[in-house]
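Spelled out, the chains give:
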Amino acid sequence: MFKRLPVLAVLLWLISAVLVQAEEEREYLPAGEAEILLVHNESPSDDEAEDIEYISMLANALNRSLDFGTPEQCADIVSKYSYIICYGLDEVPGKFMEELGDYDGSLMVLGSAFMEKYLTETGQAAFCAGRETQEKGKLEYCFSEENRFEELVEIRGMRKFLEEGYTNGEITAGNKSYPFCSQVGNVRFIPVTDFSGSLARAALMQEIVQWMWPYLDSPPDYAQYFVLDKVYPFMSAEKLKERVDILIESGIPFVISVMPVLQNTEFPSMKQFCQVLSYAQANGGAVILNAPVIHKADTDIDELYEKLTDMTVAYTDYGVYPLGIEVPLSWTNDETYLKVLQRYRTVFVCDDGSSSGFDLDSHKNSLYYNYHQLVLPLIGLDKTGTSYLKCYSSALYLDSCEETGVLEEKIKNCRESSVPFKNLWDMNHSVWANDFWMNYEDRILSINGKEAVIEFQPEAFDEDFDYGRNIIQRITVSLQNQNKILMVLVAAIVVIFVSFIIYARKRNRRNFFFDDKRE
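Worth saying up front: this structure is predicted, and the values here are computed from it rather than measured.

Cut-offs used in this document
- Residues numbered from 1 in each chain as written.
- Predicted model: local features only at pLDDT ≥ 70, side-chain atom pairs only at ≥ 80, totals over all residues.
- Heavy atoms only, no water.
- Pairing = 2+ DSSP bridges.
- Helix = DSSP H or I, 4+ residues; strand = E, 2+ residues; numbered from the N terminus.
- Axes fitted to C-alpha atoms, helices over the stretch in contact; angles between N-to-C directions.
- Contact = heavy atoms within 4.5 Å.
- Phe/Tyr/Trp six-rings, centres within 6.5 Å; stacked < 30°, edge-to-face > 60°.
- Buried < 20%, exposed > 50% of the residue type's maximum accessible area, 1.4 Å probe, protein only.
- Lys NZ or Arg CZ within 6 Å of the ring centre and 35° of its normal.
- Lys, Arg positive; Asp, Glu negative; His and termini not counted.
- Salt bridge = Lys/Arg side-chain N within 4 Å of Asp/Glu carboxyl O.
- Polar contact = N/O pair within 3.5 Å; in protein donor to acceptor, adjacent residues only side chain to side chain.

Right, let's get into the sheet that holds strand β14 (residues 286–290). Taken in spatial order, the seven strands close into a barrel running β12-β13-β14-β15-β16-β17-β18, and their pairing is parallel. Here the average twist between neighbouring strands, direction ignored, is 35°. Taken together, the four bridges between strand β13 (residues 254–258) and β14 define a ladder with parallel strand orientation. In the sheet register, V258 faces β14, and the bridge partner there is L289. Here helix α8 (residues 268–282) sits on the sheet in contact with β12 (224–231), β13 and β14, set at roughly 155° to β13.

Structure (structure tokens):
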């Protein structure tokens with residue numbers, strides 16, 4: 001009997017190990033707890049991965065939770081979702097198709113190949129009506145009666161289906177026209193699977209919003225925000241005020257995104273800079289903090305908390321109140337940064353061109369679970385740079401270094417935009433930091449529980465400020481102040497030296513070289 005104990009122990013250990021491994025694998029699968037399920041291929045291409053990321057961010061913009069995974073990963077949890085989007089699927093296991101056939105929620109299919117397979121498997125093959133041999137087509141789409149756009153899209157392998165009721169947009173290929181989005185049987189169908197183009201992305205967002213709206217009327221409209229971006233501390237106060245005055249006179253609500261400051265916050269130039277920001281606040285402008293640029297591979301969250309606290313307090317001490325934060329896309333996919341963002345209710349997201357760090361193995365749009373008031377970059381469809389989509393809150397970013405002419409042209413376009421601009425002061429906000437809490441609710445601003453007044457009080461510039469410099473720093477500043485004089489002197493000496501050389505060459509030619517006619 002006792003001889004069997006080691007064998008039994010090993011058997012129990014193997015069983016427990018298998019169960020633990022199964023549980024760990026389950027943690028990296030779609031949880032079945034979101035509102036939307038996005039099903040994609042087993043090994044998506046880079047372009048497909050970008051589209052999956054876009055749809056994930058689209059869900060964030062719409063304040064909807066989303067899970068994503070392969071058909072095999074999702075086969076057992078299909079029935080748990082209210083909405084399912086099948087994106088460009090090729091081969092799918094029979095179990096997934098069987099579960100999808102019994103699914104009674106809202107289904108959207110992106111791509112013709114899987115659409116044909118689904119209709120055939122579910123007894124709806126009568127809706128199939130032929131194929132299109134063209135590989136590209138012209139997409140035409142309207143966001144309002146006066147705003148119609150065109151774009152070339154890839155339609156390789158597109159099929160023709162008999163639509164019922166709802167159709168929107170148009171794809172022209174050869175002499176034939178097909179709806180961009182249509183209702184085919186019990187499925188909302190879009191034949192396009194390449195959403196790299198701006199119009200295709202904007203149209204997809206518009207259609208998903210309309211598809212998910214449960215009522216007969218239109219979904220609610222959202223506004224856009226004008227953001228004067230990358231405003232650096234210690235920049236010329238005159239230059240900043242010039243731009244602020246242009247924005248105030250335009251009547252367009254605006255936001256100023258200020259870069260972080262950690263040193264020399266007591267300098268008069270910082271005081272002047274904050275005076276202009278305070279002036280902007282008093283005239284309807286709002287301020288947000290631009291996230292610090294992180295150069296380290298591994299970020300210390302406590303260090304980042306401390307920096308953000310110092311940055312925020314540096315401004316609030318001067319009566320400037322950052323209502324939210326602007327972050328790059330990479331912050332929205334990183335666990336550490338997501339935890340930091342939990343301290344902010346209002347978050348602006350910008351595309352800085354760097355890698356976003358999106359991971360297919362995350363299987364969910366993690367940013368949604370921070371429950372922010374999100375403002376995402378607008379989708380530019382023309383040279384005006386304004387938004388044509390009212391289905392999500394968008395931001396128009398303009399670099400503060402642009403010339404005033406560019407700013408005035410942008411303002412002109414904004415005035416003609418069909419999407420209204422919103423004032424950030426019309427929303428509630430909250431910001432947490434170390435031993436610091438700022439709350440703005442019902443137009444009352446409080447810091448650590450005490451009400452703060454938003455006002456502009458001009459103060460004199462201290463010309464005799466003691467910078468506390470040592471002898472080396474004073475010599476450096478003195479040399480910097482004389483830099484222009486030294487450059488002028490050097491230039492003059494160079495000109496004189498070159499003049500002497502030219503004169504000497506001419507004189508030597510006269511003395512040593514003679515013309516043929518000269519005796």
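Picking up after the structure, the text goes on.
This part is about the packing of aromatic side chains. Two numbers describe a pair of aromatic rings. These are the distance of the centres and the angle of the planes. In total, this model carries 16 aromatic pairs according to the counting rule given. Their ring planes at 70° and their centres at 5.5 Å tell us that Y279 and F456 sit as a pair that is edge-to-face. Linking Y279 in helix α8 with F456 in the loop between β22 (450–452) and α12 (471–481), this pair joins segments that are 177 residues apart in sequence. For Y279, a relative accessible area of 18% translates into the label buried. The class for F456 is partly exposed, based on a relative accessible area of 31%. Feature note: the residues Y141, F143, F149, F180 and Y388 constitute an aromatic cluster, connected by ring pairs. Taking NZ or CZ as reference, R188 lies 4.2 Å from the ring centre of Y166, over its face. Positioned above the aromatic ring of Y305 is the side chain of R343, whose terminal nitrogen or guanidinium carbon lies 3.6 Å from the ring centre.

You can see E151 is positioned in strand β7 (residues 147–154). No salt bridge forms around the buried E151; measuring N to O, its nearest opposite-charge neighbour R201 is 8.6 Å away. Of the polar contacts made by the side chain of E151, one reaches the backbone nitrogen of S198; its length is 3.2 Å. For E151, the side chain forms a polar contact with the main-chain nitrogen of L199, separated by 3.0 Å. Residue contacts for E151: discarding those within four places in its chain leaves G137, K138, L139, G197, S198, L199 and A200.

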